[in-house]
Amino acid sequence: MGNLADKSEILYHVGFCADDLKGAEWAVLPGDPGRVQLLAENLGEAKFIACHREYTSWLAQMDCGPVLVCSTGMGGPSTAICLEELARMGIKGVIRVGTTGTIQEKISIGDLIINNAAVRLDGTSQHYAPLNFPAVADIEITNALRQAAIENDFPCHTGISVSSDTFWPGQERYDSFSGYVRKSLRGTLQEWQKLGALNYEMETSALFVVSQCLGLKAGAVCSVVAKRTDSEAVVPLENKGETTRRFWVTVKRALQLLLKAGE
Ligand code: URA
(Lines give C-alpha, C1' and ligand atoms only; values in the text may rest on other atoms or scores of the structure.)
Protein backbone atom coordinates (compact mmCIF):
# COMPACT_ATOMS: atom_id res chain seq x y z
CA MET A 1 0.00 0.00 0.00
CA GLY A 2 2.85 2.38 0.78
CA ASN A 3 3.37 5.20 3.20
CA LEU A 4 0.25 7.35 2.82
CA ALA A 5 0.34 10.83 4.38
CA ASP A 6 -2.15 11.95 6.99
CA LYS A 7 -4.94 13.83 5.22
CA SER A 8 -3.91 17.14 6.80
CA GLU A 9 -0.14 16.77 6.37
CA ILE A 10 1.27 19.46 4.06
CA LEU A 11 3.78 17.71 1.81
CA TYR A 12 7.11 19.53 1.91
CA HIS A 13 7.76 20.19 -1.80
CA VAL A 14 4.34 20.51 -3.41
CA GLY A 15 2.97 22.50 -0.46
CA PHE A 16 -0.50 20.99 -0.02
CA CYS A 17 -2.22 18.07 1.71
CA ALA A 18 -4.45 15.14 0.70
CA ASP A 19 -7.54 16.98 1.99
CA ASP A 20 -6.97 19.56 -0.78
CA LEU A 21 -7.45 16.84 -3.40
CA LYS A 22 -11.11 16.20 -2.49
CA GLY A 23 -10.61 12.54 -3.34
CA ALA A 24 -8.89 13.08 -6.71
CA GLU A 25 -6.95 10.00 -7.82
CA TRP A 26 -5.81 11.34 -11.21
CA ALA A 27 -3.31 14.08 -11.98
CA VAL A 28 -2.35 15.94 -15.14
CA LEU A 29 1.30 16.96 -15.02
CA PRO A 30 2.61 19.74 -17.28
CA GLY A 31 6.26 20.67 -16.82
CA ASP A 32 5.55 24.39 -16.94
CA PRO A 33 3.84 26.02 -13.92
CA GLY A 34 2.53 28.69 -16.31
CA ARG A 35 0.34 26.15 -18.08
CA VAL A 36 -1.42 24.77 -15.01
CA GLN A 37 -4.28 27.21 -14.54
CA LEU A 38 -5.37 27.18 -18.18
CA LEU A 39 -5.27 23.39 -18.33
CA ALA A 40 -7.30 23.10 -15.13
CA GLU A 41 -9.88 25.67 -16.24
CA ASN A 42 -10.37 23.83 -19.49
CA LEU A 43 -10.96 20.53 -17.73
CA GLY A 44 -13.72 21.86 -15.49
CA GLU A 45 -14.46 24.29 -12.67
CA ALA A 46 -10.99 24.99 -11.31
CA LYS A 47 -9.65 26.03 -7.93
CA PHE A 48 -6.12 27.12 -6.99
CA ILE A 49 -4.48 24.83 -4.40
CA ALA A 50 -0.85 25.86 -3.93
CA CYS A 51 2.26 27.32 -5.52
CA HIS A 52 5.57 26.21 -4.06
CA ARG A 53 8.92 26.07 -5.90
CA GLU A 54 8.24 24.62 -9.38
CA TYR A 55 4.99 23.05 -8.25
CA THR A 56 1.84 24.99 -9.07
CA SER A 57 -1.33 23.05 -8.35
CA TRP A 58 -4.98 23.51 -9.24
CA LEU A 59 -7.94 21.16 -8.78
CA ALA A 60 -10.36 20.77 -11.70
CA GLN A 61 -13.84 19.44 -11.09
CA MET A 62 -14.73 17.28 -14.10
CA ASP A 63 -18.13 15.60 -14.55
CA CYS A 64 -16.39 12.28 -13.95
CA GLY A 65 -14.64 13.46 -10.76
CA PRO A 66 -11.94 15.80 -9.42
CA VAL A 67 -8.57 15.92 -11.21
CA LEU A 68 -5.37 17.53 -9.96
CA VAL A 69 -3.26 19.61 -12.36
CA CYS A 70 0.25 20.05 -10.96
CA SER A 71 3.46 21.20 -12.68
CA THR A 72 6.56 19.04 -12.33
CA GLY A 73 9.22 21.56 -13.34
CA MET A 74 11.90 20.47 -15.79
CA GLY A 75 13.70 17.13 -15.72
CA GLY A 76 13.68 13.88 -13.77
CA PRO A 77 14.56 15.02 -10.22
CA SER A 78 11.66 17.43 -9.75
CA THR A 79 9.31 15.01 -11.55
CA ALA A 80 10.27 12.18 -9.16
CA ILE A 81 9.73 14.40 -6.10
CA CYS A 82 6.31 15.37 -7.40
CA LEU A 83 5.34 11.72 -8.00
CA GLU A 84 6.54 10.65 -4.54
CA GLU A 85 4.42 13.28 -2.82
CA LEU A 86 1.35 12.77 -5.03
CA ALA A 87 1.49 9.01 -4.36
CA ARG A 88 1.56 9.70 -0.62
CA MET A 89 -1.64 11.75 -1.04
CA GLY A 90 -3.49 8.96 -2.84
CA ILE A 91 -2.97 9.84 -6.52
CA LYS A 92 -3.10 6.64 -8.60
CA GLY A 93 -2.83 7.75 -12.24
CA VAL A 94 -0.80 10.52 -13.90
CA ILE A 95 -0.70 11.98 -17.41
CA ARG A 96 2.28 14.09 -18.44
CA VAL A 97 1.60 16.90 -20.93
CA GLY A 98 4.81 18.43 -22.21
CA THR A 99 6.72 19.80 -25.16
CA THR A 100 9.21 17.93 -27.25
CA GLY A 101 11.57 17.95 -30.22
CA THR A 102 10.91 15.34 -32.89
CA ILE A 103 13.76 13.51 -34.60
CA GLN A 104 11.61 12.00 -37.35
CA GLU A 105 11.06 13.65 -40.75
CA LYS A 106 7.40 12.56 -40.95
CA ILE A 107 6.44 14.43 -37.74
CA SER A 108 5.62 18.16 -37.85
CA ILE A 109 5.69 21.08 -35.44
CA GLY A 110 2.37 21.15 -33.56
CA ASP A 111 1.72 17.39 -33.90
CA LEU A 112 1.04 15.36 -30.76
CA ILE A 113 3.36 12.54 -29.71
CA ILE A 114 2.04 9.90 -27.32
CA ASN A 115 4.98 8.07 -25.78
CA ASN A 116 4.45 4.42 -24.90
CA ALA A 117 8.06 3.95 -23.77
CA ALA A 118 11.23 5.95 -23.22
CA VAL A 119 14.98 5.56 -23.56
CA ARG A 120 16.44 6.18 -20.10
CA LEU A 121 19.00 8.86 -20.85
CA ASP A 122 18.36 10.30 -17.41
CA GLY A 123 19.93 9.84 -13.98
CA THR A 124 16.84 9.97 -11.77
CA SER A 125 15.27 6.69 -12.93
CA GLN A 126 18.54 4.88 -12.16
CA HIS A 127 18.07 5.71 -8.49
CA TYR A 128 14.86 3.65 -8.66
CA ALA A 129 15.61 0.73 -11.00
CA PRO A 130 18.62 -0.61 -12.94
CA LEU A 131 19.10 0.57 -16.51
CA ASN A 132 17.95 -2.73 -18.00
CA PHE A 133 14.51 -2.17 -16.45
CA PRO A 134 12.16 -0.74 -19.11
CA ALA A 135 10.49 2.67 -18.97
CA VAL A 136 6.98 1.94 -20.24
CA ALA A 137 3.63 3.69 -20.16
CA ASP A 138 0.41 2.25 -18.82
CA ILE A 139 -1.36 0.72 -21.82
CA GLU A 140 -4.84 1.93 -20.83
CA ILE A 141 -3.71 5.54 -20.52
CA THR A 142 -1.84 5.28 -23.82
CA ASN A 143 -4.89 3.83 -25.57
CA ALA A 144 -7.17 6.49 -24.07
CA LEU A 145 -4.85 9.29 -25.21
CA ARG A 146 -4.68 7.77 -28.71
CA GLN A 147 -8.44 7.39 -28.94
CA ALA A 148 -8.93 10.98 -27.75
CA ALA A 149 -6.47 12.42 -30.29
CA ILE A 150 -7.83 10.31 -33.15
CA GLU A 151 -11.48 11.16 -32.36
CA ASN A 152 -10.54 14.83 -32.61
CA ASP A 153 -8.53 14.43 -35.83
CA PHE A 154 -5.39 15.76 -34.15
CA PRO A 155 -2.20 14.69 -35.95
CA CYS A 156 -0.68 12.21 -33.52
CA HIS A 157 2.11 9.63 -33.41
CA THR A 158 2.74 6.90 -30.85
CA GLY A 159 6.17 5.53 -29.97
CA ILE A 160 9.40 5.83 -28.05
CA SER A 161 10.85 9.01 -26.54
CA VAL A 162 14.47 9.64 -25.73
CA SER A 163 14.37 11.28 -22.29
CA SER A 164 17.53 13.25 -21.69
CA ASP A 165 18.73 14.97 -18.53
CA THR A 166 20.12 17.76 -20.65
CA PHE A 167 18.60 19.96 -23.34
CA TRP A 168 21.91 20.47 -25.19
CA PRO A 169 24.50 17.64 -25.12
CA GLY A 170 22.09 14.80 -24.32
CA GLN A 171 19.88 15.86 -27.23
CA GLU A 172 22.97 16.40 -29.40
CA ARG A 173 22.45 20.13 -29.76
CA TYR A 174 25.46 22.21 -30.76
CA ASP A 175 23.89 25.69 -30.44
CA SER A 176 24.89 25.97 -26.75
CA PHE A 177 27.32 28.46 -25.13
CA SER A 178 30.32 26.16 -25.63
CA GLY A 179 29.03 24.25 -28.64
CA TYR A 180 30.59 21.17 -27.09
CA VAL A 181 28.99 17.74 -27.23
CA ARG A 182 31.14 15.03 -25.71
CA LYS A 183 32.34 12.22 -27.93
CA SER A 184 30.04 9.55 -26.50
CA LEU A 185 26.99 11.64 -27.40
CA ARG A 186 28.03 12.70 -30.91
CA GLY A 187 26.08 10.79 -33.55
CA THR A 188 23.43 9.67 -31.07
CA LEU A 189 20.59 11.67 -32.67
CA GLN A 190 21.04 9.68 -35.87
CA GLU A 191 21.27 6.46 -33.93
CA TRP A 192 17.98 7.05 -32.06
CA GLN A 193 16.41 8.11 -35.33
CA LYS A 194 17.48 4.88 -37.04
CA LEU A 195 16.14 2.90 -34.08
CA GLY A 196 12.76 4.54 -34.71
CA ALA A 197 12.53 6.73 -31.60
CA LEU A 198 10.24 9.68 -32.22
CA ASN A 199 11.36 12.50 -29.98
CA TYR A 200 13.56 14.09 -27.35
CA GLU A 201 12.25 15.50 -24.09
CA MET A 202 13.37 15.53 -20.46
CA GLU A 203 10.89 13.87 -18.11
CA THR A 204 9.15 10.80 -19.52
CA SER A 205 11.63 8.04 -18.61
CA ALA A 206 11.72 9.22 -14.99
CA LEU A 207 7.93 9.50 -15.00
CA PHE A 208 7.44 5.94 -16.27
CA VAL A 209 10.05 4.22 -14.08
CA VAL A 210 9.26 6.09 -10.87
CA SER A 211 5.52 5.60 -11.42
CA GLN A 212 6.08 1.87 -11.89
CA CYS A 213 8.10 1.75 -8.66
CA LEU A 214 5.39 3.62 -6.74
CA GLY A 215 2.51 1.60 -8.21
CA LEU A 216 1.10 4.53 -10.21
CA LYS A 217 -0.26 4.31 -13.74
CA ALA A 218 1.44 6.79 -16.08
CA GLY A 219 1.04 8.07 -19.62
CA ALA A 220 2.51 10.94 -21.61
CA VAL A 221 1.50 13.20 -24.46
CA CYS A 222 3.73 15.94 -25.90
CA SER A 223 3.37 18.72 -28.42
CA VAL A 224 6.17 19.09 -30.95
CA VAL A 225 7.98 22.44 -30.68
CA ALA A 226 11.25 21.52 -32.44
CA LYS A 227 11.90 19.56 -35.61
CA ARG A 228 15.44 18.33 -35.30
CA THR A 229 15.65 17.04 -38.87
CA ASP A 230 15.44 20.73 -39.94
CA SER A 231 17.05 22.70 -37.12
CA GLU A 232 18.05 22.76 -33.46
CA ALA A 233 15.76 25.70 -32.73
CA VAL A 234 12.63 25.57 -30.64
CA VAL A 235 9.95 27.09 -32.83
CA PRO A 236 7.68 29.65 -31.20
CA LEU A 237 4.39 28.05 -32.13
CA GLU A 238 2.45 30.15 -34.62
CA ASN A 239 -0.70 29.28 -32.86
CA LYS A 240 -0.10 28.53 -29.18
CA GLY A 241 -3.82 28.64 -28.48
CA GLU A 242 -4.44 25.76 -30.87
CA THR A 243 -1.61 23.72 -29.34
CA THR A 244 -2.91 24.27 -25.84
CA ARG A 245 -6.39 23.36 -27.04
CA ARG A 246 -5.09 20.09 -28.47
CA PHE A 247 -3.62 19.26 -25.07
CA TRP A 248 -6.66 19.87 -22.96
CA VAL A 249 -9.13 18.41 -25.45
CA THR A 250 -7.03 15.22 -25.68
CA VAL A 251 -6.38 14.93 -21.95
CA LYS A 252 -9.98 15.76 -21.02
CA ARG A 253 -11.38 13.10 -23.33
CA ALA A 254 -8.75 10.56 -22.20
CA LEU A 255 -9.65 11.22 -18.55
CA GLN A 256 -13.35 10.79 -19.33
CA LEU A 257 -12.56 7.40 -20.89
CA LEU A 258 -10.26 6.35 -18.03
CA LEU A 259 -12.43 7.51 -15.15
CA LYS A 260 -15.50 5.90 -16.73
CA ALA A 261 -13.56 2.66 -17.22
CA GLY A 262 -12.54 2.75 -13.55
CA GLU A 263 -16.12 3.20 -12.20
N1 URA B 1 11.88 19.94 -25.00
C2 URA B 1 13.03 19.24 -25.13
O3 URA B 1 13.52 18.63 -24.17
N4 URA B 1 13.64 19.24 -26.33
C5 URA B 1 13.16 19.91 -27.40
O6 URA B 1 13.78 19.90 -28.46
C7 URA B 1 11.96 20.63 -27.24
C8 URA B 1 11.34 20.62 -26.02
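First, a word on scope: everything that follows refers to the structure included in this document. Since we're looking at a predicted model, the values are computed, not measured. Per chain, residue numbering runs from 1 following the sequence as it is written. For a predicted model such as this one, the threshold for reporting local features is a pLDDT of at least 70, and the threshold for listing and counting side-chain atom pairs is 80 or more; totals across whole chains, interfaces and linings nevertheless cover every residue. The basis for every side-chain value is the complete set of non-hydrogen atoms in the structure, without hydrogens or water.

**Describing the pattern of salt bridges**
Close approach of charged atoms lets side chains of opposite charge pair. Within this document, salt bridges are pairs made up of a side-chain nitrogen of Lys or Arg and a carboxyl oxygen of Asp or Glu, the two lying within 4 Å of each other. Scanning the model with the defined rule gives 10 salt bridges in all. With its nearest N and O atoms 3.1 Å apart, the salt bridge here joins K217 to E140. Within this pair, whereas K217 is found in strand β10 (residues 217-227), its partner E140 is found in helix α3 (residues 139-151), the two being separated by 77 residues in sequence. Within this structure, R96, E201 and E203 form a network of salt bridges that share partners. Starting at the N terminus, helices and strands are each numbered in turn, a helix being any DSSP run of H or I of at least four residues and a strand any DSSP run of E of at least two.

**Focus: the nonpolar core**
The nonpolar core is taken to be a set of buried Ala, Val, Leu, Ile, Met, Phe, Trp, Tyr and Cys residues, with the residues joined through side-chain atoms within 4.5 Å. Burial classification: accessible surface area is computed with a 1.4 Å probe over protein chains only, and a residue below 20% of its type maximum counts as buried, one above 50% as exposed, and the rest as partly exposed. Counting residues in hydrophobic clusters, the biggest one holds 34 residues, and the most contacted among them are F16, L29, L68 and L86. Contributions of two or more residues to this core are made by β1 (26-30), β2 (45-52), β3 (55-62), β4 (65-70), α2 (76-88), α5 (204-214) and β10. Per-element tally for this core: the top contributor is α2, with 5 residues. Residue contacts are counted whenever heavy atoms from the two residues lie within 4.5 Å of one another. Those residues in contact with L29, other than ones at most four positions away along the chain, are C70, T72, C82, L83, L86, V94, I95, R96, V97 and L207. One finds W26, V97, A144 and V251 within the second-largest nonpolar core, a separate group that totals 29 residues.

**Some words on the packing of aromatic side chains**
For Phe, Tyr and Trp, rings pair up if their centres lie within 6.5 Å, where Trp contributes its six-membered ring, and each pair is then called stacked (planes under 30 degrees apart), edge-to-face (over 60) or tilted (otherwise). Summed over all chains, the structure comprises 2 aromatic pairs. With a centroid separation of 5.8 Å and an interplanar angle of 75°, the aromatic rings of F48 and W58 are classed as edge-to-face. Note that F48 is positioned in strand β2 and W58 in strand β3, a separation of 10 residues in sequence. The exposure class assigned to F48 is partly exposed, which follows from its relative accessible area of 44%. Judged by its relative accessible area of 12%, W58 falls in the buried class. Taking the centre distance of 4.8 Å and the plane angle of 70° together, the rings of F167 and W168 count as edge-to-face. In our convention, an over-ring charge means Lys NZ or Arg CZ found within 6 Å of a ring centre and within 35 degrees of that ring's normal. Between the NZ or CZ atom of R173 and the centre of the ring of F167, over which it lies, the distance is 3.9 Å.

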